[in-house]
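# Observations on the three-dimensional arrangement
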Amino acid sequence: MPQTSHSSGPAPTPSDEDRGVNWLLELRGLALMLLAVVGFHSLIAKPFYIPSISMMPNLLVGDRLVVSKYPYGWSWVSASFHILPRGMTRILPRTPAYGDIVIVVPPDRDEDYIKRVVALPGDRIAVVNGQIILNGKPVPQQVEPPLELPVDLNQPCDPEDFPGLRYRANDGRWYCELPILRETLPNGATYRVIDHRQQPLDNYAEVKVPHGYVFLMGDNRDHSADSRAPIEEKGLGGPVPLADVGGRAEFLTFSLDGSEGWNPLSWWRALRDGRAWTSLRPEIAKTERKDR
């Protein structure tokens, strides 16, 4: 029988699996991705987590929010992880507005604080019996109805911090009855504050805010280490340089009550109602125009 001839085709090329993974390309891709994330966090925006009660009632422990990095320019504090040496140089510097909520780094440690701007460069500021005196005039404070804040793991309404304010309602749930004042700054920026007891930070001798500095306070006036508090008490020690301000808080993304675990499915049950996508820019009160 005639024999069938077998023609030899092109040699098969090895598959990607046969060639193996090009780890150099993989590592380069990961490095570029990490560089892009760090660059975005340093120049544009970054997420932030609220770990303390210093900005209640407007920010709660467990809130997640977005901080924009560019509104006031860039400085050493803009870089992620604070890897740059401290300095006073700012690129494209701009001054915050009254009422802005900002991220600031204390002068003695690399931690992020979140506070509100209550005095600008050139202002004279004092605090008398818990009320801000700005350029010789008391900042208006109006009493508002108490805030009935549900008690949860992130907001237990600790009797040491809020004596006599925790109660059980008819629905069987525990609440924290927070006394509320509405404060309004000269530009009309208005927001709620808590000042429910007398303590040393209720009084602060008048100082003039230097050029390139701002004066910052927490909205929870009885539990905030801010410009009123000395550095040795973990405060900001007076007006802070704008070079130490790392950005402006823009909006909440979501908030968790502390009951979440490692399982992401538990996060859904831990979500607080009504806090997602809430703007953190202060409301501007309408003022009547006066004819000159």
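Thresholds applied
Residues numbered from 1 in each chain as written. Predicted model: local features only at pLDDT ≥ 70, side-chain atom pairs only at ≥ 80, totals over all residues. Heavy atoms only, no water. Buried < 20%, exposed > 50% of the residue type's maximum accessible area, 1.4 Å probe, protein only. Helix = DSSP H or I, 4+ residues; strand = E, 2+ residues; numbered from the N terminus. Pairing = 2+ DSSP bridges. Polar contact = N/O pair within 3.5 Å; in protein donor to acceptor, adjacent residues only side chain to side chain. Contact = heavy atoms within 4.5 Å. pLDDT = per-residue confidence, 0-100.

## Topic: the pairing of strand E4 (residues 113–119)
Of all the seven residues making up E4, seven are buried; the element is thus mostly covered by neighbouring parts of the structure. As paired elements, strand E3 (residues 101–104) and E4 share four bridges and run antiparallel to each other. Among the inter-strand pairings, valine 102 is bridged to a residue of E4, identified as lysine 115. Pairing analysis gives three bridges linking E4 to strand E13 (residues 213–217), with the strands arranged antiparallel. Bridged to alanine 119 within E13 is phenylalanine 215.

## Focus on the side chain of asparagine 220
Of note, asparagine 220 is situated in the loop between E13 and strand E14 (240–241). Looking at asparagine 220, its side chain comes within polar contact range of the main-chain oxygen of isoleucine 53, at 3.0 Å. Those residues in contact with asparagine 220, other than ones at most four positions away along the chain, are Ile53, Ser54, Met55, Met56, Phe162 and Ile194.

## Brief notes about the environment of proline 145
Within the fold, proline 145 resides in strand E8 (residues 141–150). Separated by 16 residues in the primary sequence, proline 145 and asparagine 129 have C-alpha atoms spaced 21 Å apart.

## Here's the deal with the confidence of the model for the chain
Per-residue pLDDT for the chain has a mean of 90; in total, 91% of the residues score no lower than 70. For residues 288–292, every residue scores under 50 in pLDDT, and the model assigns this stretch zero contacts once sequence neighbours within four places are set aside.

## Concerning unusual backbone geometry
Excluding glycine, a negative phi dihedral is what most residues carry, and trans is how most peptide bonds are arranged. A cis amide bond, omega 5°, links methionine 56 with the succeeding residue proline 57. Within the secondary structure, proline 57 sits in the loop between strand E1 (45–49) and strand E2 (63–68). Located in the positive-phi region is asparagine 129, a residue other than glycine, with phi close to 55°. Following the sequence through the fold, asparagine 129 ends up in the loop between strand E5 (124–128) and strand E6 (131–134). Its relative accessible area of 63% is what places asparagine 129 among the exposed residues.

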